[in-house]
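Tertiary structure, described
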Amino acid sequence: MQKLLTIGAGRMAQAVISGILQQEQDRFHIVMSNRGNVARLEQVKNKYGVEITTNWKDHVTNADILFLAVPPSQQQSLLHEMSPYLTNQLVFSVAAGVGVRELEAPLPEGAAVAWVMPNTAAEIGQSMTLYALGQHVNEIQEKTLLTILKGIGPAQRVTEEQLHALTPVTGSAPAFMYYVAEVLTRLARGKGVDEAVAQQLVSQMILGSARMLSSGQKPKDLIDQVATPGGSTAAGLKVLQTEDLDGMFERAVQACVEKNKEVY
Ligand SMILES: NC(=O)C1=CN([C@@H]2O[C@H](COP(=O)(O)OP(=O)(O)OC[C@H]3O[C@@H](n4cnc5c(N)ncnc54)[C@H](O)[C@@H]3O)[C@@H](O)[C@H]2O)C=CC1
Ligand SMILES: O=C(O)[C@@H]1CCC=N1
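Residues numbered from 1 in each chain as written. Chains lettered and ligands numbered in written order. Predicted model: local features only at pLDDT ≥ 70, side-chain atom pairs only at ≥ 80, totals over all residues. Heavy atoms only, no water.

This part is about the nonpolar core. For soluble globular proteins, nonpolar side chains are generally found buried alongside one another. Residues L4, I17 and L145 are the most contacted members of the largest nonpolar core, which totals 33 residues. If you list the elements that add at least two residues to this core, you get α1 (11-23), β2 (28-33), α2 (38-48), β4 (65-68), β5 (90-93), β6 (112-117), β7 (129-133) and α6 (139-152). It is α1 that contributes the most residues to this core, seven residues altogether. Residues I7, W56, V60 and A96 belong to the second largest nonpolar core, which totals 26 residues. (Core = buried A, V, L, I, M, F, W, Y, C linked by side-chain atoms within 4.5 Å. Buried < 20%, exposed > 50% of the residue type's maximum accessible area, 1.4 Å probe, protein only. Helix = DSSP H or I, 4+ residues; strand = E, 2+ residues; numbered from the N terminus.)

So, in structure tokens, the structure goes:
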């Protein structure tokens, strides 16, 4: 059994651990740590049955995998602090904007690092995860990482530059989708449907649409199937185009990219 130490026990650490435990219960011994929020640690211990600690240093030397799930602003000082304890552990981080180069720089020469960008659907094994590997990750470590990622959903290897550009598309865009869901749910409620029903009908609509997309059909073709020529959907789509929804999404993605750069 390999020992996996998380530093950070917040939303993303828990989403990933939850996904791993559903798929790979017996493969990893998981220890979760944070900066001292004992109540949060007790919660994760009760919820996931993992070991907890407020002092990651007690576990770092005999861990096989170090999973950094702290805010991007905290990560460089943490890496410096961790550096003297590193031997051959695989270090992977999910911090937005903190690339492979930034992970390697504070660590000893030859440190094995990976930059991973999951999303919160990791919690149910449905994240679309992107990852980039540092130059010193060996075959066994890559296999271990892929085992972890398999637990949280499909994963796609990309370059570090692509990962910077795509973080909004897979990491942040779930929030954009939930925003759309919130708006549609509110509209449905405004028509006298109660909240639970409104959420059910919107979530099933999104689920069905996602399944159609994941069957490989092109968005354009799927739009055409819905929009009867001269019909009501076409009238609605025209409003979205006139109001520049494309431009709004482009600007939202760009805002995420710019924000992620602020870490440095
Ligand atoms: N929430 C999301 O959808 C996604 C988040 N991420 C990344 O995941 C990381 C964590 O984000 P969230 O889980 O959303 O935040 P969060 O605020 O829920 O969790 C942060 C955790 O880090 C701990 N922490 C903070 N500073 C620390 C330090 N110096 N030493 C040890 N522990 C420390 C906190 O106690 C907390 O447990 C961020 O870097 C973010 O960019 C990446 C992809 C998606
Ligand atoms: O909002 C954030 O900064 C993180 C990065 C991707 C998703 N959540």
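All right, on to the environment of E258 then. The residue E258 is located in helix α11 (residues 245-261) in this model. With 94 residues separating them along the chain, E258 and H164 place their C-alpha atoms 9.9 Å apart.

Another point: the layout of surface pockets. For the second largest pocket, the calculated volume is near 1100 Å³. Forming the walls of the second largest pocket are 37 residues, and the residues nearest its centre are M12, A69, V70, P71 and P72. Among the elements of the structure, α1, α4 (72-82), α7 (160-189) and α11 are those that each provide at least two residues to the lining of the second largest pocket. Its residues assigned to classes, the lining of the second largest pocket shows 17 nonpolar, 14 polar and six charged. Here the lining of the second largest pocket gathers at least three residues from each of two domains, domain 1 (2-157) and domain 2 (165-263). (1 Å grid on protein atoms, 1.4 Å probe; cavity = no way out; pocket = protein on both sides within 12 Å on 5 of 7 lines; lining within 4 Å. Points joined across faces, edges and corners; volume = space filled by probe spheres on them. Nonpolar A, V, L, I, M, F, W, Y, C, P; charged D, E, K, R; others polar. Domains from an automatic or database assignment.)

Let us now look at the UniProt feature "domain: Pyrroline-5-carboxylate reductase catalytic N-terminal" (unreviewed entry) in the protein chain. With numbering matched to this structure, UniProt assigns "domain: Pyrroline-5-carboxylate reductase catalytic N-terminal" (unreviewed entry) to residues 7-97. The span residues 7-97 is 43% helical and 20% strand by assignment, and the distance between its end C-alpha atoms comes to 18 Å. (UniProt positions renumbered as here; feature names shortened; annotations may be inferred.)

What follows deals with the confidence of the model for the protein chain. Looking at the protein chain, the pLDDT average stands at 96 and 100% of residues meet or exceed 70. Per the prediction output, this complex has pTM 0.95; the corresponding ipTM is 0.98. (pLDDT = per-residue confidence, 0-100.)

Attention shifts here to unusual backbone geometry. Of note, D244 is a non-glycine position whose phi angle comes to about 65°, a positive value. Tracing the backbone through its elements, the reader meets D244 in the loop between α10 (232-242) and α11.

Among the 20 residues in the neighbourhood of ligand 1, the closest are listed as A9, R11, M12, V70 and A96. M12 is positioned with one of its backbone polar atoms (N or O) 2.8 Å from an oxygen atom of ligand 1. A distance of 3.0 Å separates an oxygen atom of ligand 1 from a polar backbone atom of A96. One can see that ligand 1 is located within the second largest pocket. (Near = heavy atom within 4 Å. Polar contact = N/O pair within 3.5 Å; in protein donor to acceptor, adjacent residues only side chain to side chain. Sits in = over half its atoms within 2 Å of the grid points.)

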